[in-house]
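Residue-level listing of the chains:
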Amino acid sequence: AGEVRFDHVHFGYDPEREILHGVSFTVPAGRTLAIVGPSGAGKSTIARLLFRFYDIQGGRISVDGQDISAVTQQSLRSTIGIVPQDMVLFNDTVGYNIGYGREGATQEEIEAAARAASIHDFIMGLPQGYDTRVGERGLKLSGGEKQRVAIARTLLKDPPVLVLDEATSALDSRTETEIQDVLRTISRRRTTLVVAHRLSTVVDADEIIVMEKGRIVERGRHGDLVRAD
Ligand code: ADP
Ligand code: ADP
């Protein structure tokens, strides 16, 4: 489960000013699609439309063949996980931050759920560990570590589709290899859409689409696009 499809999607925040001019792509279940292109090309807009933050003016967006305009917001939220751009962490342990949203869950329950969602190693990959307190004086998680915690929080719900908006995260504090490592870990079993600034951060994507001014101007695998450069 988890096929994502855009069919000739037309959209403008202001209906008088179209931003996406007929965008079409399919991400087969379990595959990774990367969306790259210059600032203002419409990459984040695609991510927002998948969550139905806005209604489209033409075309169709579907998940597993079902038009998303016909499903409830609640059902959409259980299918699609988003990693928030500006994640707010609680002044508590990494474990607490990851388990937030499961009210009353014990550390053992969170760990069991993390194992079930295959993210236990991902969490333990944090250099400072699961019991680390976030936000304590003298202890700072790096931008990448914070994002790992935010991603783990989303992954714990085990959504079949995950959307990662890298283009809008604190890029200066992250290395490309860090992003690649995160992508490799999380995209294994689920459909993943990643918005990125540069081609070099999404080497492993099954397909890459290059956006410019609301249109897909190129698509292919990393090797094809680099050769075409
Ligand atoms: P990208 O993610 O590729 O940088 P965006 O999808 O954020 O591009 O933006 C595409 C276009 O839509 C830009 O011209 C931007 O100014 C415009 N835009 C983005 N968000 C809004 C909004 N909330 N209201 C109006 N215009 C917006
Ligand atoms: P991004 O980091 O996605 O490129 P921006 O820095 O362009 O976003 O914009 C930051 C916020 O302002 C976003 O929430 C976006 O939706 C909104 N925004 C961007 N462009 C416009 C616009 N032309 N009119 C209104 N809101 C906008």
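Keep in mind the model is a prediction, meaning the values are calculated, not measured.

Q: Could you give me a rundown of the packing of aromatic side chains, with the residues and numbers involved?
A: Following the criterion strictly, the structure yields 5 aromatic pairs and no others. Consider the rings of Phe11 and Tyr13, whose centres lie 4.9 Å apart with planes at 75°: the pair is edge-to-face. A residue is classified by how much of its surface remains accessible, and Phe11, at 1% relative accessible area, is buried. The interplanar angle of 45° and the centroid separation of 5.7 Å between the aromatic rings of Phe11 and Tyr54 together place this pair among those described as tilted. Pair noted here: Phe11 is in strand β1 (residues 4–11) and Tyr54 is in the loop between α1 (43–50) and β4 (58–63), with a separation of 43 residues, a long-range link.

Q: Could you give me a rundown of α1, with the residues and numbers involved?
A: Summarising burial for α1: 7 of the 8 residues are buried, a large majority. Within α1, burial applies to Lys43, Ser44, Thr45, Ile46, Ala47, Leu49 and Leu50.

Q: Report on the site of ligand 1, specifying residues and quantitative values.
A: Taken together, 13 residues lie around ligand 1, and Gly40, Gly42, Lys43, Ser44 and Thr45 are the ones closest in. Taking Tyr13, its side chain carries an N or O atom lying 3.5 Å from a nitrogen atom of ligand 1. The backbone of Gly40 places a nitrogen or oxygen atom 2.7 Å from an oxygen atom of ligand 1. If ligand 1 stood free it would expose 550 Å²; the protein chains cover 65% of that surface. For the shell around ligand 1, the class distribution of residues is 5 nonpolar, 5 polar and 3 charged.

The rules behind the values
Residues numbered from 1 in each chain as written. Chains lettered and ligands numbered in written order. Predicted model: local features only at pLDDT ≥ 70, side-chain atom pairs only at ≥ 80, totals over all residues. Heavy atoms only, no water. Phe/Tyr/Trp six-rings, centres within 6.5 Å; stacked < 30°, edge-to-face > 60°. Buried < 20%, exposed > 50% of the residue type's maximum accessible area, 1.4 Å probe, protein only. Helix = DSSP H or I, 4+ residues; strand = E, 2+ residues; numbered from the N terminus. Near = heavy atom within 4 Å. Polar contact = N/O pair within 3.5 Å; in protein donor to acceptor, adjacent residues only side chain to side chain. Areas by Shrake-Rupley, 256 points an atom, 1.4 Å probe, with all protein chains shown as cover. Nonpolar A, V, L, I, M, F, W, Y, C, P; charged D, E, K, R; others polar.

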